[in-house]
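What follows is each chain in one-letter form.
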Amino acid sequence: MSIVTVQLGQCGNQIGFEVFDALLSDSHSSQGLCSMRENEAYQASCKERFFSEEENGVPIARAVLVDMEPKVINQTLSKAAQSGQWKYGQHACFCQKQGSGNNWAYGYSVHGPRHEESIMNIIRKEVEKCDSFSGFFIIMSMAGGTGSGLGAFVTQNLEDQYSNSLKMNQIIWPYGTGEVIVQNYNSILTLSHLYRSSDALLLHENDAIHKICAKLMNIKQISFSDINQVLAHQLGSVFQPTYSAESSFHYRRNPLGDLMEHLVPHPEFKMLSVRNIPHMSENSLAYSTFTWAGLLKHLRQMLISNAKMEEGIDRHVRPPLSGLPPLSKMSLNKDLHFNTSIANLVILRGKDVQSADVGKKFRAYIHQYTKFGIEEEDFLDSFTSLEQVVASYCNL
Amino acid sequence: MTQSVVVQVGQCGNQIGCCFWDLALREHAAVNQKGIYDEAISSFFRNVDTRVVGDGGSISKGKICSLKARAVLIDMEEGVVNEILQGPLRDVFDTKQLITDISGSGNNWAVGHKVFGSLYQDQILEKFRKSAEHCDCLQCFFIIHSMGGGTGSGLGTFLLKVLEDEFPEVYRFVTSIYPSGEDDVITSPYNSILAMKELNEHADCVLPIDNQSLFDIISKIDLMVNSGKLGTTVKPKSLVTSSSGALKKRHKKPFDAMNNIVANLLLNLTSSARFEGSLNMDLNEISMNLVPFPQLHYLVSSLTPLYTLTDVNIPPRRLDQMFSDAFSKDHQLLRADPKHSLYLACALMVRGNVQISDLRRNIERLKPSLQFVSWNQEGWKTSLCSVPPVGHSHSLLALANNTCVKPTFMELKERFMRLYKKKAHLHHYLQVEGMEESCFTEAVSSLSALIQEYDQLDATKNMPVQDLPRLSIAM
């Protein structure tokens, strides 16, 4: 079953490119540990999920690229075409001339309604191309204007038009300091709207991934493409075809459905996070040895003690409960959990709410939002819905 | 991709504008090797086939035929504009983009604003409409002028109202050169204060600069380059201050180098909007992030590094030095000390081979020494553009919304009051039709209100951050 990816804004498009790249190169990797038949079955399944076939054999990603200014989309399209391995569909992108200016209100109230029809048209064409459609994977950031504002709008529209299919939103939590000044406002508004219209929210924090790059992968000068590659690596392991219960030649057909089934039992608890090990640069892979048992144990401990990466795990914390780890084919392991390790995220969100609250008290920057129709009541609504979510997680 | 139009008013504005266009051409020439008219160039230039008679058919794609600047040049005396039109840049400007007169404004804001404003209003509007028509998606007007004179300050600020009425959606970024302490124009305080009122009300964003700071920066560069302290690692000519080309014969005058700094400022400001990068920042984001309240839109800027190093592999210590310098008071383009005042917001626009980890490291390093307002403790906006400026491998532009502009305004007000109490030179202004004493009093009260806002923010400086109670809800 196929997944259609919607990439929104600069962040979404940059990450989306890395994800598709990783998926395709993973499926073509030469580190064969299994038989040829297995390999072919795996490749076919992976391809069907994310790419559609073209006449001359170059797979086309099942993706829709949306951005309000042309630079990033142009760059993404050309990078994909340059690789020669795959590319984006020619008509699968939508862009305008002037960006959203980091303004959630602009993305949601102005760009959204104005371009609703065109964007939904492109999405519909992409969906029609799929033989069996599984759901949407929406990549966006929370700090900017397009990704966050337009992303919330598009997700809402998808909920209205495709209420039967599942939507998973991949959202990027910005760095604590130094990205966008109004990121707190944008994040609050995005989260509250997404909670209502999305089925699952997969969260990634720039801070955490930055640390992974620095400590585990030993990259000296970390660039955004390094960060995006780590992200793609994690997402790849979420979405790679997994074995089904029957035999090793049949892959699970409904990736999103499976994930949702196991991880989002109650619509109140939608937030997911990914723990992925091992993370290391390709060079050190040759010098390392690890076994399944060791990895699993590591992972379990990471989850319990709330660590985001392998180093610095507190070994003394005892587990309350644990979830299901679906095994993936590659020599990697992943775990998606929604258990109390989300408490970490709740605290983060709490901090976010608080700083946005303080800003609001002094009415800073509010005039930029009211210009486009987001009034103070909207902020209040967002605050209340998020506080409710925080409270329900705390009750767990 | 969006376009911007540059409006240069008065002698100062036009001289700076000329440097700007020269640098812009050089920058695009360095980046655009194939001579194809692409979207980056289109933000400031039109591609015109000069063989076509009339307006010059605009070509939107393909090879570059002839580039015309998206500019409107306004001056009430002909000397400066004529010189530009006879210089090396004459082909870049269109005679249809000029508005000139003969007599000048006589350093009198009232003449510039009221007399010439009403006289040329229709012409001005027509030129703006024309330049807007040539744009696919006009985003911003950059107005360059001085505050102390007559045309730049009077007519320049008259334009703002016109632009606001005619193009309410387009941003108005104003680069204003404030008069220094030892200014040679006696009535400059009057002109500046009267102009400030207009800036308060009609500009989206103002970048105040003063000549004394620019001069100090130039002297420092000369000292460093000529002292030989840095040995052979420093290139002999600083590219921030020199431009080979436009005004070669006037290389002796210090104004050239000073104007180049301002031109660099404007180029760096728009670089992330024109060129690609891993974290883009458009012009509307500048206004969105750095202006928390509509009246407080004065941004102090600083550019680093000031001289180029020949060593291509910059070790991280030099990179960190670049960041530290951006916050020192010697590198600000206004007489101000941001480190000892309160920050409302700060933007760092980096160009060249700098990655996000360098940026984060430096922010973490510098944060403890800077004071941010209580409700915006993490008030940083960053952008990374991959294309460095010509001749440099990386550069940084820091824009700060900081209460350190207050002393400049207070000093200006003091100088104004000294003259106004004695009613000195007032008759020159009052004899202009439409000027009354109330204009002066209104202007002063507008400035006082602004100063008071900054005072109120300063008062919160050392108060501890209050933790607001969380919204409590019924479960």
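In every chain, residue numbers begin from 1 and rise along the written sequence. Note on labels: chains are lettered from A, ligands numbered from 1, in written order. Reporting in this predicted model follows two pLDDT cut-offs: at least 70 for local features of residues, and 80 or more for side-chain atom pairs to be given and counted; totals over whole chains, interfaces and linings ignore these cut-offs and use all residues. To obtain the side-chain values, all non-hydrogen atoms of the structure were included, while hydrogens and water were left out.

## A few points about the domain arrangement of chain A
Residues and elements named next belong to chain A. For the record, the criterion: Each domain's limits were defined by an automated method or a database of domain assignments. Contact between two residues is taken to exist if any of their heavy atoms lie within 4.5 Å; hydrogens are not considered. Put simply, buried area is the surface a 1.4 Å probe can reach on two separate parts but cannot reach once they are joined, added for both. When a carboxyl oxygen of Asp or Glu lies within 4 Å of a side-chain nitrogen of Lys or Arg, that pair is called a salt bridge. Here a polar contact is recorded for every N or O atom pair within 3.5 Å, except that within protein the pair must consist of a potential hydrogen donor and a potential acceptor, and residues adjacent in sequence are included only if both atoms are side-chain atoms. Every helix listed is a DSSP run of H or I at least four residues long, and every strand listed is a run of E at least two residues long, numbered separately from the N terminus.
Per the domain assignment, the segments of chain A are domain 1 (2–274) and domain 2 (353–395). Tallying the contact residues gives 21 residues for domain 1 and 22 residues for domain 2. Of the roughly 1,800 Å² buried between domain 1 and domain 2, counting both surfaces, carbon and sulfur atoms make up 72%. Run the count over domain 1 and domain 2 and you get zero salt bridges. Our count for the contact surface shared by domain 1 and domain 2 stands at two residue pairs in polar contact (both at pLDDT 80 or more). Counting residues per element, the ones that place at least two in the side of domain 1 that touches domain 2 are helix H4 (104–128) and helix H6 (183–197). Here the element with the most residues in the side of domain 1 that touches domain 2 is H6; it accounts for eight residues.

## Quick notes on the packing of aromatic side chains
Remark: the centre distance and the inter-plane angle together describe each pair of aromatic rings, the angle taken between the planes. Short version of the rule: The criterion for an aromatic pair is that two Phe, Tyr or Trp rings (for Trp, the six-membered ring) have centres within 6.5 Å, with stacked assigned to planes under 30 degrees apart, edge-to-face to planes over 60 apart and tilted to the rest. Buried residues are those whose accessible area, probed at 1.4 Å on protein chains only, stays under 20% of the maximum for their type, while exposed residues exceed 50% and partly exposed ones sit between those limits. A ring is scored as having a charge over it whenever the NZ atom of a lysine or the CZ atom of an arginine sits within 6 Å of its centre and within 35 degrees of its normal.
Tallying each qualifying case throughout the model produces 37 aromatic pairs over all chains. Judged by centre distance (5.1 Å) and plane angle (70 degrees), the ring pair of Trp86 of chain A and Tyr88 of chain A falls under edge-to-face. Residue Tyr88 of chain A is classed as buried on the basis of its relative accessible area, which comes to 5%. Aromatic side chains Tyr190 of chain B and Tyr429 of chain B sit 5.4 Å apart centroid to centroid with 85 degrees between the ring planes, which places their arrangement in the edge-to-face category. Remark: Tyr429 of chain B occurs in helix H13 (residues 426–430) and Tyr190 of chain B occurs in helix H6 (residues 188–202); sequence separation between them is 239 residues. Taking relative accessible area as the criterion, Tyr429 of chain B reaches 1% and is therefore assigned buried. The rings of Phe20, Trp21, Phe44, Phe45, Phe93, Phe142 and Phe173 of chain B are connected pair by pair, giving a single aromatic cluster. Geometry around Tyr175 of chain A places Arg360 of chain B over its ring, the cationic atom sitting 3.9 Å from the centre. Geometry around Tyr420 of chain B places Lys423 of chain B over its ring, the cationic atom sitting 5.0 Å from the centre.

## Details of the interface of chain B and chain A
What counts, and what does not: Polar here means any residue outside two lists: the nonpolar Ala, Val, Leu, Ile, Met, Phe, Trp, Tyr, Cys and Pro, and the charged Asp, Glu, Lys and Arg; Gly therefore counts as polar.
On the chain A side, the residues contacting the 57 residues of chain B number 53 residues. Summed over both sides, the interface between chain B and chain A buries roughly 4,600 Å², with carbon and sulfur atoms accounting for 55% of that surface. Between the two partners, chain B and chain A, sit one salt bridge. One salt bridge in this structure joins Lys97 of chain A and Asp136 of chain B, with 3.9 Å as the shortest N-O distance. At the boundary of chain B with chain A, the tally comes to 13 residue pairs in polar contact (both at pLDDT 80 or more). Looking at the side of chain B that touches chain A, the elements with two or more residues in it are helix H8 (254–274), helix H9 (283–290), strand S11 (342–352), helix H11 (356–366) and strand S13 (380–385) of chain B. Of the residues contributing to the side of chain B that touches chain A, the split by class is 26 nonpolar, 17 polar and 14 charged.

## Concerning empty space enclosed by the protein
Counted only if it meets this: Lining residues are defined by having an atom within 4 Å of a point belonging to a cavity or pocket. Those points lie on a 1 Å grid over the protein atoms alone, cavities being sets where a 1.4 Å probe fits but cannot get out and pockets being open sets with protein on both sides within 12 Å along at least five of seven lines. Grid points are joined across faces, edges and corners, and a volume is the space filled by probe spheres set on the points.
Counted by the stated rule, this structure contains eight cavities of 30 Å³ or more. If you add up the space inside the largest cavity, you get close to 490 Å³. Taken together, 39 residues line the largest cavity, and the ones lying closest to its centre are Gln10, Cys11, Ser141 and Gly144 of chain A together with Leu279 of chain B. Mapped by element, the contributors of at least two residues to the lining of the largest cavity are helix H1 (9–27), helix H3 (70–83), helix H5 (146–161) and helix H8 (224–239) of chain A together with H8 and S13 of chain B. If one sorts the elements of the lining of the largest cavity by residue count, H1 of chain A sits on top with six residues. Here the lining of the largest cavity is built from residues that sort into 13 nonpolar, 19 polar and seven charged.

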